[in-house]
Amino acid sequence: MVATATTSGPGGPEAATDWVRGADEVLLGFTRALRAAGVPVTQDRSQGFLAAVALLGLDDQRATYRAGRATLCAGPDDLERYDQVFEAFFNARDGLPRTRPAAPATNPTFGELPADESRGEGTTTPDEVVRAMASETEVLRHRDVAAMTAAEKHRLSGMFATLQPRPPTRRTARHRSWHRGDVDASRTLRASLRRMGEPADIEWRRRSVRPRRVVLLIDVSGSMNGYADALLRLAHRFTQSVRAGSAAGGRRRGVVETFTVGTRLTHLTRAMQQRDPSRALVAAGETVPDWSGGTRLGETLGFFLDRWGQRGMARGAVVVVFSDGWERGDPSLLAEQMARLHRVAHRVVWVNPHRGKAGYEPVQQGVVAALPYIDDFLAGHSLATFADLVEVVSRA
Amino acid sequence: MELDSTADVSARLGETGYLCDEALSTVAFLALRMQRPLLLEGEPGTGKTALAEALAESLDLPLVRLQCYEGIDATQALYDWDFPRQILHLRALEAAGGADPEEAEKSLYDARFLLARPVLAALQQSPAVLLVDEVDRADDEFEAFLLEVLSTYQVTIPELGTVKAATPPIVVLTSNRTRELHDALKRRCLYHWIDHPGLEREVQIVRSRAPEVSEELGRQVVTVVQQLRDRHDLQKPPGVAETLDWARALHHLGTTGLDLATASATLGALVKYREDAEKVRHALDQMLRA
């Protein structure tokens, strides 16, 4: 909990105690308090609020309450915070609720890169340095992310740029013109129209192609601790390069949705859309409340399907679950939810960081429960395995 | 057709059989007065689409519906040209004896060959109610296009010129939250989250929407449905639409009071998953015994 609300400047709690300064000022003070509590209130929303209150009349507090709900909020999370702030601002008046999103328990940024000791010894030629670096990079590509030092992780984070995820595609109901395929009646008619109705060349068409949605579900429970940073960087890389669209492939830009699962479900897509990777990771850190908690994969997966997945987000999408399968909850619930996911999604990919290690057997209860409903079971502990994953997703 | 207060809105909607709480009637009133689009979110089956229908009916305005889907684009929302009819027209001109080519071409892009798709139709017919259903299913490019239309209430057709609504249509957008809508679109709209109604209100809704169902049966049905919603283990908890379906189904079978046999036989009206049906049958057994 952070007591930011009390330090929110001139528009904070002082405004509440000063009713006489005019209604507009009080209302705007309320919007500022709301902003301090984490609801993104913009200038035009505040204006809409004032207009709505003016329409409904100032004397009725319930009306003011409802006007604010309609004009200042944009989602269920906002509504919850709105109720608390409203109560505190107009009724309690003894300070504002401290409901700003909790500060990150762990900050997922990397330590500063210490000066590289391998260089500057004076005896190596530049050529040798380059070769040494190249092989070092290659080694780093195959190293287990969890076993890396801070400096190595820092070096690795730069290498994520080498991953080039492309959105998987699907055929659509729409057509585009093509030099062979089916007859395109409408285009043929239009061409004939241009010649005053004389029969013209026949135009052809084929189904066009659109990107499929990619949904990433990242387990951030305690047992996945060492991989959380790398997986978030991977998610960021996915989001950025798929959003930008691959110019080379000539395909349209796609959509990547990211969630963290653990003890609860957190929607991270917004945070991942920040262009700068370290900023995106900090934003993710601020959003996710349950770093290194337990794993209730079945339950959170069920929640994901209820709230987002079944209604359309996972429908026909490529869903990637990053987890080691150490399930504390009921494995039969996990199996049930994986079956649901499998029915809704186009392809379900399970990425397990331990999969690539020697002697790994899929014996964890969670993995055993989920295994029948997985299309691809991949390793995910090093950059090289991430590259494999990118390939699998792009071809799904 | 002026509505002066939230109570007015609520009364008018009530006449059409749509019962809403005060929060919803306030937002609807604000949307009408401020001429802002209304964005409704909430569980499926809570009456988001029905509100648009009720608004249109109570204000006696045409309802224009745009169903969104993945891959929808502007030509499916705005307008298209009717090519076969254009060709026929050309042939007719020809048969009538050599028309002036320039005149002929001009006559081709006439309003009568224009196929108005929902958005254009709403602008042309306005005042009207434009329902943009399940906007979260469309792609974000389409969202951007909607934003443009919703901020200017006009559409430009290169061959014909600009169509501007004399009065802006009343716009209702619904979303099931399969993805987060863009903030710019949300900012244009008034927002309301529709919850499932409480017991008494749902009984009222059943009474008003399905008056043929006896009061006793209606109350029993709603009580069961409300308990099912509280269970939280159903894949798809029944919405108000399902409550109505079930009540009507039972009524058609001549049931006056709930019993396990008819209830199980009509479960298909209430739940749509096999797993849910099992759970509900079990729960019903307990509820009816109690």
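What counts as what
- Residues numbered from 1 in each chain as written.
- Chains lettered and ligands numbered in written order.
- Predicted model: local features only at pLDDT ≥ 70, side-chain atom pairs only at ≥ 80, totals over all residues.
- Heavy atoms only, no water.
- Helix = DSSP H or I, 4+ residues; strand = E, 2+ residues; numbered from the N terminus.
- Buried < 20%, exposed > 50% of the residue type's maximum accessible area, 1.4 Å probe, protein only.
- Contact = heavy atoms within 4.5 Å.
- Areas by Shrake-Rupley, 256 points an atom, 1.4 Å probe, with all protein chains shown as cover.
- Salt bridge = Lys/Arg side-chain N within 4 Å of Asp/Glu carboxyl O.
- Domains from an automatic or database assignment.
- Buried area = accessible area lost by both parts, 1.4 Å probe.
- Polar contact = N/O pair within 3.5 Å; in protein donor to acceptor, adjacent residues only side chain to side chain.
- Pairing = 2+ DSSP bridges.
- Axes fitted to C-alpha atoms, helices over the stretch in contact; angles between N-to-C directions.
- Nonpolar A, V, L, I, M, F, W, Y, C, P; charged D, E, K, R; others polar.
- Parallel < 35°, antiparallel > 145°, perpendicular 65-115°, else oblique.
- Left-handed = near helix turned anticlockwise from the far one by under 90°.
- Patch = residues over 30% accessible without salt bridge, like charges linked within 9 Å, V, L, I, M, F, W, Y side chains within 5 Å.
- Lys, Arg positive; Asp, Glu negative; His and termini not counted.
- Charge placed at Lys NZ, Arg CZ, Asp CG, Glu CD.

Points about the overall build of chain A
1) Next: Of the regular secondary structure elements, chain A holds 15 helices and 9 strands.
2) Next: Buried residues in chain A amount to 49% of all 396 residues.
3) Next: When contacts within chain A are restricted to residue pairs at least 6 apart in sequence, those whose partners lie at least 24 apart make up 72%.
4) Next: Of the roughly 18700 Å² of accessible surface on chain A, a fraction of 51% belongs to carbon and sulfur atoms.

Here's the deal with the side chain of A:Ser241
Residues and elements named next belong to chain A.
1) Next: By the element assignment, Ser-241 lies in helix α9 (residues 225-244).
2) Next: Classification of Ser-241 by relative accessible area gives buried; the value is 11%.
3) Next: With residues up to four places along the chain from it excluded, the contact list for Ser-241 reads Gln-164 and Pro-165.

Quick notes on the pattern of salt bridges
1) Next: Counted according to the given criterion, the structure contains 30 salt bridges over all chains.
2) Next: Residue A:Asp44 is joined to B:Arg187 by a salt bridge in which the shortest nitrogen-to-oxygen separation is 2.9 Å. You can see A:Asp44 sitting in helix α3 (residues 43-56) and its partner B:Arg187 sitting in helix α9 (residues 183-188), one on each of two chains.
3) Next: A relative accessible area of 38% places A:Asp44 in the partly exposed class.
4) Next: It is possible to trace a salt-bridge network through shared partners that takes in B:Glu41, B:Arg177, B:Glu180 and B:Lys186.

Describing the domain arrangement of chain B
Residues and elements named next belong to chain B.
1) Next: Domain annotation of chain B identifies domain 1 (6-75 + 115-194) and domain 2 (199-288).
2) Next: Distance from the C-alpha centre of domain 1 to the C-alpha centre of domain 2: 31 Å.
3) Next: Taken together, the contact pairs 9 residues of domain 1 with 9 residues of domain 2.
4) Next: In total, domain 1 and domain 2 occlude about 680 Å² of area from one another, counting both sides; carbon and sulfur atoms represent 51% of this.
5) Next: In this assembly, domain 1 and domain 2 are joined by 0 salt bridges.
6) Next: Across the contact surface, domain 1 and domain 2 share 4 residue pairs in polar contact (both at pLDDT 80 or more).

Looking at the domain arrangement of chain A
1) Next: Each assigned domain of chain A is listed here: domain 1 (24-91), domain 2 (171-210) and domain 3 (211-395).
2) Next: Inter-centroid distance (C-alpha atoms) of domain 2 of chain A to domain 3 of chain A is 41 Å.

Considerations on the environment of A:Ser394
Residue and element names in this part refer to chain A.
1) Next: Examined against the element boundaries, Ser-394 turns out to sit in helix α15 (residues 383-395).
2) Next: Taking the relative accessible area as the measure of exposure, Ser-394 reaches 6% and is therefore buried.
3) Next: Ser-394 sits 183 residues away from Pro-211 along the chain, and the two C-alpha atoms are 9.7 Å apart.
4) Next: Not counting residues up to four positions away in its chain, the partners in contact with Ser-394 are Pro-165, Arg-166, Pro-167 and Pro-168.

Brief notes about the sheet that holds strand β7 (residues 318-322) of chain A
All names here are of chain A.
1) Next: As summarised here, the arrangement of the 6 strands in space is β6-β5-β4-β7-β8-β9, forming an open sheet in which the pairing is mixed. Both edges of this open sheet fall to β6 (266-267) and β9 (376-379), since each of them pairs with a single strand only.
2) Next: Relative to strand β5 (residues 256-261), strand β4 (residues 214-219) is paired through 6 bridges, and the arrangement is parallel. Residue Asp-219 lies in a different strand from β5, and its bridge partner there is Val-261.
3) Next: On the sheet, helix α13 (residues 331-344) packs against β7 and β8 (347-352) and is oriented at approximately 135° with respect to β8.

Here we look at the interface of chain A and chain B
1) Next: Counting residues at the interface gives 46 residues for chain A, matched by 49 residues for chain B.
2) Next: Taken together, the two surfaces of chain A and chain B that pack against each other cover about 4000 Å², and 53% of this comes from carbon and sulfur.
3) Next: Our count for the chain A to chain B interface comes out at 6 salt bridges.
4) Next: Put simply, chain A and chain B have 12 residue pairs in polar contact (both at pLDDT 80 or more) between them.
5) Next: Elements supplying a minimum of two residues to the side of chain A that touches chain B: α3, α4 (61-72), α5 (76-92), β1 (169-178), α8 (185-194), α12 (297-313) and α13 of chain A.
6) Next: Residues of the side of chain A that touches chain B, tallied by class, amount to 16 nonpolar, 10 polar and 20 charged.

Let's talk about the packing of α8(A) against helix α5 (residues 83-95) of chain B
1) Next: Following both chains from N to C, one finds α8(A) and α5(B) inclined at 30°, their axes separated by 9 Å at the closest point. Looking at the two axes, α8(A) sits roughly parallel to α5(B). At the point where α8(A) passes α5(B), the crossing takes the left-handed sense. On α5(B), the residues that touch A:Ser186, A:Leu189, A:Arg190, A:Ser192 and A:Leu193 of α8(A) are B:Phe83, B:Pro84, B:Gln86, B:Ile87 and B:Leu90.

Focus on a negative patch on the surface
1) Next: Residues B:Asp100, B:Glu102, B:Glu103 and B:Glu105 make up a contiguous surface patch of negative charge.
2) Next: As for its position among the elements, B:Glu103 is in helix α6 (residues 101-108).

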